[in-house]
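Observations on chain architecture
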Amino acid sequence: MAYWLMKSEPDEFSIKDLQAKQQAPWDGVRNYQARNFIREMQPEDQVFFYHSSCKQVGIAGVMSIVGTSYEDPLAVKKNSPYFDEKSLIENRWSAIDVKFEKAFEKIISLQAIKKLAQHDHRLDDLLLIKKGNRLSVMPISSAQWQCLMQQVDSI
DNA sequence: GCCAACGTTGGC
DNA sequence: GCCAACGTTGGC
């Protein structure tokens, strides 16, 4: 089983929205590296739900992967903001279904993660806090996952 | 709203 | 294949 982190702007789609729906497609990813990670995902993989571009940036909860990736329907939907003309002739973009697992009582803030990384070497290679990294989908090692989950328990 | 950093596009 | 210009991401 693998671990991941996926970003969403809570104004668009938040952990609460997922909680209400329980399951939802994760779509609209338009970056090749992120797309390739989506294609690697397997059922039951665990995923951090990260809130970006908002007042409280950080990890807001956990979801899990359902099934495997499929062609993103929004890419071929003409009136969608995620429509991509080139998708009509080739399978360019992928989506995957995610299931709600838990919403943290308190968000693990980006600031707290950065602070923790100063002392805990398990977070040394955490892509989230690498300078200039803008990936919206990224792999998380099991050591990193454990480290961050411990942080949840200690709050 | 600002801006650093990155990805993509397209001319050459 | 290079690289300038542009668009986007995302923290602050």
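Scroll up to find the structure this text is about.
The notes below deal with the structure included here. Predicted model, so just to flag it, every value in this text is computed and none were measured. (Residues numbered from 1 in each chain as written. Chains lettered and ligands numbered in written order. Predicted model: local features only at pLDDT ≥ 70, side-chain atom pairs only at ≥ 80, totals over all residues. Heavy atoms only, no water.)

Three or more residues of helix α2 (residues 32–40) are buried, namely A34, R35, F37 and I38. The buried residues of α2 all sit within an arc of 160° when viewed along its axis, so they share a single face. Close packing links the buried residues of α2 with β1 (3–8), β4 (58–71), β5 (94–109) and β6 (137–140). Between the side-chain oxygen at the start of α2 and the backbone nitrogen of Q33 there is a gap of 3.0 Å, and the oxygen is on N31. (Buried < 20%, exposed > 50% of the residue type's maximum accessible area, 1.4 Å probe, protein only. Helix = DSSP H or I, 4+ residues; strand = E, 2+ residues; numbered from the N terminus. Arc of directions from axis to C-beta. Contact = heavy atoms within 4.5 Å. Polar contact = N/O pair within 3.5 Å; in protein donor to acceptor, adjacent residues only side chain to side chain.)

Core analysis: the largest hydrophobic core is formed by 45 residues, its most contacted members being W26, F48 and I59. Leave out the neighbours within four places in its chain, and W26 touches M6, K7, S8, F13, F49, M63, A95, I96 and V98. (Core = buried A, V, L, I, M, F, W, Y, C linked by side-chain atoms within 4.5 Å.)

In the vicinity of DNA strand C, the residues found are K7, Y50, S52, S53, V57, L110, K114, R134 and L135. Sugar and phosphate atoms constitute 68% of the interface atoms of DNA strand C, taking the interface as everything within 4 Å of the protein. S53 places a main-chain nitrogen or oxygen 3.0 Å from a phosphate oxygen of DNA strand C. Contact distances for DNA strand C include 3.2 Å between a phosphate oxygen and a side-chain N or O atom of K114. (Near = heavy atom within 4 Å.)

What follows covers the protein's contact with DNA strand B. Contacts to DNA strand B come from N31, Y32, K131, G132 and R134. Looking at DNA strand B alone, sugar and phosphate atoms form 67% of those within 4 Å of the protein. Note that a phosphate oxygen of DNA strand B is positioned 2.9 Å from one of the side-chain N or O atoms of K131. The separation between a base oxygen of DNA strand B and a polar side-chain atom of R134 is 2.5 Å. Grouping the amino acids of the surface near DNA strand B by side-chain chemistry returns one nonpolar, two polar and two charged. (Nonpolar A, V, L, I, M, F, W, Y, C, P; charged D, E, K, R; others polar.)

On the surface, a nonpolar cluster with roughly 300 Å² of combined accessible area is contributed by V76, L88 and I89. Residue class for L88 comes out partly exposed when judged on its relative accessible area of 44%. (Patch = residues over 30% accessible without salt bridge, like charges linked within 9 Å, V, L, I, M, F, W, Y side chains within 5 Å. Areas by Shrake-Rupley, 256 points an atom, 1.4 Å probe, with all protein chains shown as cover. Salt bridge = Lys/Arg side-chain N within 4 Å of Asp/Glu carboxyl O.)

Here we take up the side chain of Q144. You can see Q144 is positioned in helix α4 (residues 142–154). Judged by relative accessible area, Q144 falls into the buried class, the value being 6%. Sequence-distant contacts of Q144, defined by excluding residues within four places in its chain, comprise R122, L123, D125, L126 and P139.

To continue, consider the sheet that holds β4. One open sheet accounts for six strands, arranged β2-β5-β4-β3-β1-β6; its pairing is mixed. Of all strands in the sheet, those with a lone pairing partner are β2 (23–26) and β6, marking the two edges. For this sheet the average axis-to-axis angle between neighbouring strands, irrespective of direction, equals 35°. Pairing analysis gives six bridges linking β1 to strand β3 (residues 46–51), with the strands arranged parallel. (Pairing = 2+ DSSP bridges. Axes fitted to C-alpha atoms, helices over the stretch in contact; angles between N-to-C directions.)

With that settled, the discussion passes to unusual backbone geometry. Unusually for a residue other than glycine, Q22 sits at a positive phi of about 70°. Note that Q22 resides in the loop between α1 (15–21) and β2. The exposure class assigned to Q22 is partly exposed, which follows from its relative accessible area of 40%. In this structure, S53 takes a positive phi of about 50° despite not being glycine. One can find S53 in the loop between β3 and β4.

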